[in-house]
Amino acid sequence: MRVLYPGSFDPLTNGHLDLIERGVELFGEVVVAVLHNTDKVPTFSLEKRVHQIQQSTKHLRGVEIVSFEGLTVDCAKDEKCTLILRGLRALSDFEYELQLAHTNRSLACNTETVFLATTAHHSFLSSSVVKEVAKFGGNISHLVPEIVANELKLLFNK
Ligand code: ADP
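The following paragraphs examine the structure supplied in this document. (Residues numbered from 1 in each chain as written. Predicted model: local features only at pLDDT ≥ 70, side-chain atom pairs only at ≥ 80, totals over all residues. Heavy atoms only, no water.)

**With respect to the pairing of strand E2 (residues 29–35)**
Counted only if it meets this: Partly exposed describes any residue whose relative accessible area lies between the buried limit of under 20% and the exposed limit of over 50%, with all areas from a 1.4 Å probe on protein chains only and scaled to the type maximum. Counting from the N terminus, the helices are DSSP H or I runs at least four residues long and the strands are E runs at least two residues long. At least two bridges found by DSSP between two strands is the condition for calling them paired. If you view a crossover with the strands going away from you and the path from the first strand over the helix to the second runs clockwise, you call it right-handed.
Along E2, 5 of the 7 residues are buried, which leaves the element largely enclosed by surrounding structure. In this structure, strand E1 (residues 2–7) lies alongside E2, joined through 6 bridges in parallel fashion. The residue of E2 that forms the bridge with Tyr5 is Val32. Between the parallel elements E1 and E2, the chain passes through helix H1 (residues 14–27) in a crossover that is right-handed. Examined bridge by bridge, E2 and strand E3 (residues 63–68) share 6 bridges and lie parallel to one another. Considered in E3, the bridge of Val34 is made with Ser67.

Structure (structure tokens):
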């Protein structure tokens, strides 16, 4: 099966990577769909985020990386995915994710969202937390793939 794993990935963390790895194990093919949100200025450009994911998933078979703008369900349709993969870190994620899943189902009734519970030791991880730590020169090497750690260090001049 082919699942769409959409997100901002600004930047990719080990939590995202863990979900991609488990997604491949479970479904066979994971299409990582990187959101180009024209309403928000990202920390890393779309090209950089795509490149970070490409480099960090080189060891995996069954991963494709695409970028998209607009509705996730349209991207899922274009990519021939009837499943959307999302991660759940804590109860705080649940309300928003449930709302998204219902919205997507109302827009495309053949599209199902599947949730994977985050691996416990990644449950505190988010792109914003990582950026905050990197900004103040903290160690992030255990939180993100090597290329992301290097690019964050460059970005914050640490
Ligand atoms: P979005 O802006 O769409 O939430 P993110 O890049 O923040 O994009 O997250 C994409 C997906 O990855 C979401 O389903 C989110 O719950 C999941 N995710 C984020 N951080 C982690 C993590 N540490 N472990 C597992 N899943 C995560």
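**Regarding unusual backbone geometry**
Across the junction of Asp10 and Pro11, the peptide omega takes the value 5°, indicating a cis bond. When you line up the elements, Pro11 lands in the loop between E1 and H1. One non-glycine residue, Phe9, lies in positive phi territory at about 50°. One can find Phe9 in the loop between E1 and H1.

**Description of the site of the ligand**
What counts is decided by this rule: Note on definitions. A residue lies near a molecule or strand when any single heavy atom of the residue is within 4 Å of it. Polar contacts, as used here, are pairs of N or O atoms within 3.5 Å; protein pairs need one atom able to donate a hydrogen and one able to accept it. Residues neighboring in sequence count only if both atoms are side-chain atoms. As a working rule, the residues Ala, Val, Leu, Ile, Met, Phe, Trp, Tyr, Cys and Pro are called nonpolar, Asp, Glu, Lys and Arg charged, and the rest polar, with Gly in that last group.
Inspection of the region around the ligand gives 15 residues, with Tyr5, Ser8, Phe9, Gly87 and Leu125 positioned closest. Contacts to the ligand include Tyr5, whose side-chain N or O atom sits 2.7 Å from an oxygen atom. Note that a nitrogen atom of the ligand is positioned 3.0 Å from one of the backbone N or O atoms of Leu125. Counting residues per element, the ones that place at least two in the shell around the ligand are E1, H1 and strand E4 (83–88). Residue composition of the shell around the ligand, by class: 5 nonpolar, 7 polar and 3 charged.

**Notes on a nonpolar patch on the surface**
Heads up, the rule is: Each patch is built from salt-bridge-free residues with over 30% relative accessible area, joining like charges within 9 Å and nonpolar side chains (Val, Leu, Ile, Met, Phe, Trp, Tyr) within 5 Å. Note that accessible areas follow from Shrake-Rupley with a 1.4 Å probe, and for residues the cover is restricted to the protein chains shown. Within this document, salt bridges are pairs made up of a side-chain nitrogen of Lys or Arg and a carboxyl oxygen of Asp or Glu, the two lying within 4 Å of each other.
Together, Leu91, Phe94 and Leu98 line one region of the surface with nonpolar side chains, adding up to about 300 Å² of accessible area. Tracing the sequence through the fold places Leu98 in helix H4 (residues 91–107).

**Here we look at the nonpolar core**
Within soluble globular proteins, side chains that are nonpolar tend to cluster in buried spots. How we decide: Throughout, nonpolar core names a set of buried Ala, Val, Leu, Ile, Met, Phe, Trp, Tyr and Cys residues whose side chains join them through atoms within 4.5 Å. In this analysis, two residues are considered to be in contact whenever any of their non-hydrogen atoms come within 4.5 Å of each other.
Core analysis: the largest hydrophobic core is formed by 31 residues, its most contacted members being Ile20 and Ile140. Within the residue set of this core, elements represented by two or more residues are E1, H1, E2, helix H2 (46–56), E4, helix H5 (127–135) and helix H6 (146–155). Setting aside its immediate chain neighbours within four residues, Ile20 contacts Tyr5, Leu12, Val30, Val32, Thr57, Leu60 and Val63.

**Focus on the packing of aromatic side chains**
Remark: the centre distance and the inter-plane angle together describe each pair of aromatic rings, the angle taken between the planes. For clarity, the threshold we go by: Classification of ring pairs uses Phe, Tyr and Trp, with its six-membered ring standing for Trp, and accepts pairs whose centres are within 6.5 Å; under 30 degrees between planes counts as stacked, over 60 as edge-to-face, and the remaining range as tilted.
Tallied over the entire structure, the rule returns 1 aromatic pair. Relative to Phe9, the ring of Tyr5 has its centre 5.1 Å away and its plane inclined at 70°; by these criteria the two rings are edge-to-face. When its relative accessible area of 3% is taken as the criterion, Phe9 is described as buried.

**A short note on the sheet that holds E3**
Keep this limit in mind: Helix axes are fitted only over the stretch in contact, all axes being lines through C-alpha atoms; the angle between N-to-C directions runs from 0 to 180 degrees.
Taken in spatial order, the 5 strands line up as E3-E2-E1-E4-E5 in an open sheet, and their pairing is parallel. The open sheet terminates on both sides in strands that have one partner only, identified here as E3 and strand E5 (112–117). Within the sheet, the average angular offset between the axes of one strand and its neighbour, ignoring direction, is 30°. Lying on the sheet, H2 is in contact with E2 and E3; it crosses E2 at an angle near 155°. The sheet contacts of H4 involve E4 and E5, and relative to E4 the element is tilted by about 170°.

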